[in-house]
Amino acid sequence: MISLLAAIALSPRPLVLAHYMPWYSAPPVSKEWGWHWTMNHFDPSKKIDGKRQIASKYYPLIGPYDSNDPDVLECQALLMKFAGLDGAIIDWYGYEDVYDYKLNHRNTVHFIEYLKKANLKFAICFEDQTLPNLIKFGKVKEENAALYGRSLLKWMDKNWFASPSYVKLNGKPVMLVFGPQYYKAPQWKELTAGIDIDVFGVMGDHGFATGGFAWPNPRGGTERADAEFESFYKRSPAWKAFIAGAYPRFNDIYAEAKVHDSWGRVEDRAGRTLIGTLRQALASKAPLIQVATWNDWGEGTMIEPSVENGYRDLEILQSLRRGNMAYSAADLRLPVRLLRLRKSGASRTRLDKAAELLFQGKTAPAKELL
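Counting restarts for each chain, with residues numbered from 1 along the sequence as it is written. Restriction of local features to residues with pLDDT of at least 70 applies here, the model being predicted, together with a cutoff of 80 or more for giving and counting side-chain atom pairs; totals for whole chains, interfaces and linings are based on all residues. Each side-chain value is derived from all of the structure's non-hydrogen atoms; neither hydrogens nor water enter the calculation.

Participant: Help me understand the overall build of the protein, please; the structure alone is not making it clear to me.
Facilitator: Numbering of helices and strands runs from the N terminus; a helix is a DSSP stretch of H or I covering at least four residues, while a strand is a stretch of E covering at least two. Assigned secondary structure in the protein consists of 14 helices and 13 strands. Since a compact globule built from 370 residues should have a radius of gyration of about 21 Å, the 20 Å found for the protein is in line with a globular shape. Dimensions of the protein, computed from the C-alpha atoms along their principal axes, are close to 60 × 50 × 40 Å. Contacts are assigned to residue pairs that have any heavy atoms within 4.5 Å of one another. Considering only residue pairs separated by 6 or more positions, the protein has 70% of its internal contacts joining residues 24 or more positions apart. For the protein, the exposed area adds up to about 15700 Å²; of that, 50% sits on carbon and sulfur atoms. Here the protein carries 48 positive and 41 negative side-chain charges, and the mean point of each set is 4 Å from the other. For a compact globule the rule gives 2.2 Å times the number of residues to the power 0.38, and the radius of gyration it is set against comes from C-alpha atoms. Only the protein chains shown count as cover for residues, with accessible areas throughout obtained via the Shrake-Rupley method and a probe of 1.4 Å. Charge convention: Lys and Arg are scored as positive, Asp and Glu as negative, and His as well as the terminal groups of each chain are ignored. Just so you know, the charge point we use is NZ for Lys, CZ for Arg, CG for Asp and CD for Glu.

Participant: Help me out: how do you make sense of the nonpolar core in this one?
Facilitator: One recurring pattern in soluble globular proteins: nonpolar side chains tend to sit buried together. Grouped together as the largest cluster of nonpolar side chains are 124 residues, with contacts concentrated most on Phe111 and Met175. At nine residues, the largest contribution of residues to this core is made by helix H3 (residues 70–83). The set of buried Ala, Val, Leu, Ile, Met, Phe, Trp, Tyr and Cys residues whose side-chain atoms join them within 4.5 Å is what this entry labels a nonpolar core. Buried residues are those whose accessible area, probed at 1.4 Å on protein chains only, stays under 20% of the maximum for their type, while exposed residues exceed 50% and partly exposed ones sit between those limits. Met39, Ala55, Ile253 and Tyr254 belong to the second largest nonpolar core, which has five residues in total.

Participant: How do you make sense of the side chain of Glu304 when you look at a structure like this?
Facilitator: Looking at where Glu304 falls in the secondary structure, it is placed in the loop between strand S13 (288–291) and helix H11 (312–318). The salt bridge definition used is simple: a Lys or Arg side-chain nitrogen within 4 Å of an Asp or Glu carboxyl oxygen. Buried charge without a partner: Glu304 forms no salt bridge, and the closest opposite charge is Arg249, 10 Å away. Any pair of N or O atoms that falls within 3.5 Å is considered a polar contact. Within protein, one atom must be able to donate a hydrogen and the other to accept it, and sequence-neighbouring residues count only if both atoms are side-chain atoms. In terms of polar contacts, Glu304 uses its side chain to reach the side chain of Trp297, at 3.0 Å. Excluding its chain neighbours within four sequence positions, the residues that come into contact with Glu304 are Ile62, Tyr65, Gln76, Trp294, Asn295 and Trp297.

Participant: Looking at this model, I keep getting lost on the pairing of strand S4 (residues 87–92). Mind explaining?
Facilitator: Looking along a regular strand, one sees side chains alternate from face to face of the sheet. Where burial is concerned, most of S4 is hidden: six out of the six residues are buried. Strands pair, by our definition, only if DSSP identifies at least two bridges between them. Sheet topology note: the strand S1 (residues 15–20)/S4 ladder contains four bridges and is parallel. Residue pairing in the sheet places Ala18 in a bridge with Ala88 of S4. Where S4 and strand S5 (residues 121–126) come together, six bridges link them in parallel fashion. Residue pairing for S5: Ile89 is matched across the bridge by Ala123. Once the chain exits S4 it traverses helix H4 (residues 101–117) before rejoining the sheet at S5, and the crossover so formed is right-handed. By definition, the crossover connecting two strands over a helix is right-handed if that path, from the first strand to the second, turns clockwise as seen with the strands pointing away from the viewer.

Participant: How should the pattern of salt bridges be read in this particular structure?
Facilitator: Close approach of charged atoms lets side chains of opposite charge pair. Following the criterion strictly, the structure yields 19 salt bridges and no others. In this structure, Glu256 and Lys57 form a salt bridge, with 3.2 Å as the shortest nitrogen-oxygen distance. Placement of Glu256 in helix H9 (residues 254–257) and of Lys57 in the loop between strand S3 (51–52) and H3 is noted, with a sequence separation of 199 residues between them. Overall, Lys57 belongs to the partly exposed group, its relative accessible area being 34%. A salt bridge links Asp226 to Arg269, with the nearest nitrogen and oxygen atoms 3.1 Å apart. Of this pair, Asp226 sits in helix H8 (residues 221–235) while Arg269 sits in the loop between strand S12 (265–266) and helix H10 (272–283), and the two are 43 residues apart along the sequence. Within this structure, Asp69, Asp71, Glu74, Arg342, Lys343, Arg348 and Asp352 form a network of salt bridges that share partners.

Participant: In this structure, what is going on with the environment of Tyr114? I would like to understand it.
Facilitator: When you line up the elements, Tyr114 lands in helix H4. A residue is classified by how much of its surface remains accessible, and Tyr114, at 16% relative accessible area, is buried. Separated by 40 residues in the primary sequence, Tyr114 and Glu74 place their C-alpha atoms 6.1 Å from one another.

Participant: Is there a simple way to think about the packing of H3 against helix H12 (residues 333–344) in this case?
Facilitator: When two helices pack together, their arrangement is given by the angle between their axes and by how far apart the axes lie. Working convention: axes come from line fits to C-alpha atoms, limited for helices to the stretch in contact. Angles between N-to-C directions cover 0 to 180 degrees. Orientation of H3 relative to H12, taken along the N-to-C sense of each, is 165°, at an axis distance of 8 Å. Classed by the angle they form, the pair H3 and H12 counts as roughly antiparallel. With respect to the hand of their crossing, H3 and H12 are arranged in right-handed fashion. Residues Asp71, Val72, Glu74, Cys75, Leu78, Leu79 and Phe82 of H3 form the contact with H12, whose participating residues are Pro335, Val336, Leu338, Leu339, Arg342 and Lys343. Here the angle decides the label: under 35 degrees means roughly parallel, over 145 means roughly antiparallel, 65 to 115 means roughly perpendicular, and every other value means oblique. Each crossing is labelled by how the near helix is turned from the far one, with a counterclockwise turn of less than a right angle marking it left-handed and a clockwise turn marking it right-handed.

Participant: It is not clear to me how H3 should be interpreted in this structure. Could you clarify?
Facilitator: Here, expected helix span is obtained from the residue count minus one, scaled by 1.5 Å. When the terminal C-alpha atoms of H3 are compared, their 20 Å separation across 14 residues agrees well with the 20 Å that a helix rising 1.5 Å per residue should span. With respect to burial, H3 is a largely interior element, 13 of its 14 residues being buried. Note on H3: the residue one or two positions beyond its end, Gly84, has a positive phi of about 90°.

Participant: Explain the side chain of Thr192 to me, please; I cannot follow it from the model alone.
Facilitator: Mapping Thr192 onto the fold places it in helix H7 (residues 185–192). Judged by relative accessible area, which is 17%, Thr192 ranks as buried. Contact partners of Thr192, with chain neighbours within four places excluded, come to Arg150, Leu153, Ile197 and Val199.

Participant: In this structure, what is going on with H10? I would like to understand it.
Facilitator: At 3.6 residues per turn, the α-helix brings residues three or four places apart onto the same side. Compared with an ideal rise of 1.5 Å per residue, which puts 12 residues at 16 Å, H10 spans 16 Å between its outermost C-alpha atoms and is within 8% of the ideal. Among all positions of H10, only Thr273, Leu274, Ile275, Thr277, Leu278, Gln280, Ala281 and Leu282 are buried. Just past H10, the residue Lys285 takes up positive phi, approximately 65°.

Here's what the structure looks like:
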């Protein structure tokens, strides 16, 4: 493993971003536990051996959390900063009041503020699978779906794309589309007309996008997933640009939660899956790498610290910047220490000062305060 990490450290460094899910709800920030912790099967209010019963095969090191908890968002942004990430690609379902879309939008806006405070960047991955639900609940008429999609793009253009913190490629904002699942190529061209952005689809350009972004497919198991990434990189020269991908594993809870059959499994291989996909991404010379994911606990693809793996995946990411990396593995423990002290009722004045130092990257004096 050490030789692999050394190879990563010596490679040219693109922009590295983590795919982030803003969809968790938990008391006391929210009134009840959200679907992504329960999947209508597990009961997080109950504990076994000190752990809440959640819809995941892994357990967050900071415990199950709410994505609108400012203490958690502070911790997550600082962990990203100290891991050497350049920012986050946020999974976004729009802003309509259907299911949890409106709450996810609120959480997205909230998290962006913490990313900016940490001097990190952000981009949006739009889930166009929302459209059938918006039509179902009368939020959008089917014949007006393209007009509605264009209004979303205009909203993003006005509120996010112009931000200095928004991820850009050759000066153009980058937007990912998970799919596409609803809009077809001609509609996407209509949606983006007059809005100068680079759009990327899952594993390909789908006839309308600038190019594709790599995403793990667990169907067929570990070897098949490896082969699909190899195929992606072989096809990528045909596109104007592409976004490379890395991920640690895929081990979902869907079957146990009785949501549907499992998508499949990609083995963790004691960290070698993350190291291998990072090496592959760096070798591709892509300008952007997306790590999938920061915190999809239901699918088990998270690099966010867990009870099972500790900070291992973030330490692997730190190896990307070895030589000019300002932070150590020990520094990764400070945001979680800060969060736990905040939840313990310790002096917020003192902790606010420590947080400010951490956001400034001054870990030594912050550690003294903590």
